[in-house]
Amino acid sequence: MTLVRLILLALINLPLLLAACTEPGAYPVSGEECGPDDPVLELDAADCPAGSAI
């Protein structure tokens, strides 16, 4: 792998890695805090259809 490809790969993945670095209780992409009335807190794995992660 050339140095240019390695740098390009690092620059593409850097925002994804930084987005994953958030405090607990916050959304990883926007950084907004999760509140007690947040509807996402009521979701369960059974609410997601099978195969949706594909």
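My aim in this report is to walk through the structure given alongside it, one point at a time. (Residues numbered from 1 in each chain as written. Predicted model: local features only at pLDDT ≥ 70, side-chain atom pairs only at ≥ 80, totals over all residues. Heavy atoms only, no water.)

**Considerations on a nonpolar patch on the surface**
Here's step 1: Judged by side-chain polarity, Met1, Leu3, Leu6, Ile7, Leu9 and Leu11 come together as a nonpolar surface patch covering roughly 660 Å² of accessible area.
Here's step 2: When you line up the elements, leucine 11 lands in helix H1 (residues 3-19).
Here's step 3: Residue leucine 11 is classed as exposed on the basis of its relative accessible area of 55%. (Patch = residues over 30% accessible without salt bridge, like charges linked within 9 Å, V, L, I, M, F, W, Y side chains within 5 Å. Areas by Shrake-Rupley, 256 points an atom, 1.4 Å probe, with all protein chains shown as cover. Salt bridge = Lys/Arg side-chain N within 4 Å of Asp/Glu carboxyl O. Helix = DSSP H or I, 4+ residues; strand = E, 2+ residues; numbered from the N terminus. Buried < 20%, exposed > 50% of the residue type's maximum accessible area, 1.4 Å probe, protein only.)

**Quick word on the environment of glutamate 33**
Here's step 1: By the secondary structure assignment, glutamate 33 is in the segment after H1.
Here's step 2: Once residues within four sequence positions are removed from consideration, glutamate 33 is found in contact with Gly25 and Ala26. (Contact = heavy atoms within 4.5 Å.)

Such coordinate-based values are descriptive only and should not be taken to indicate function.
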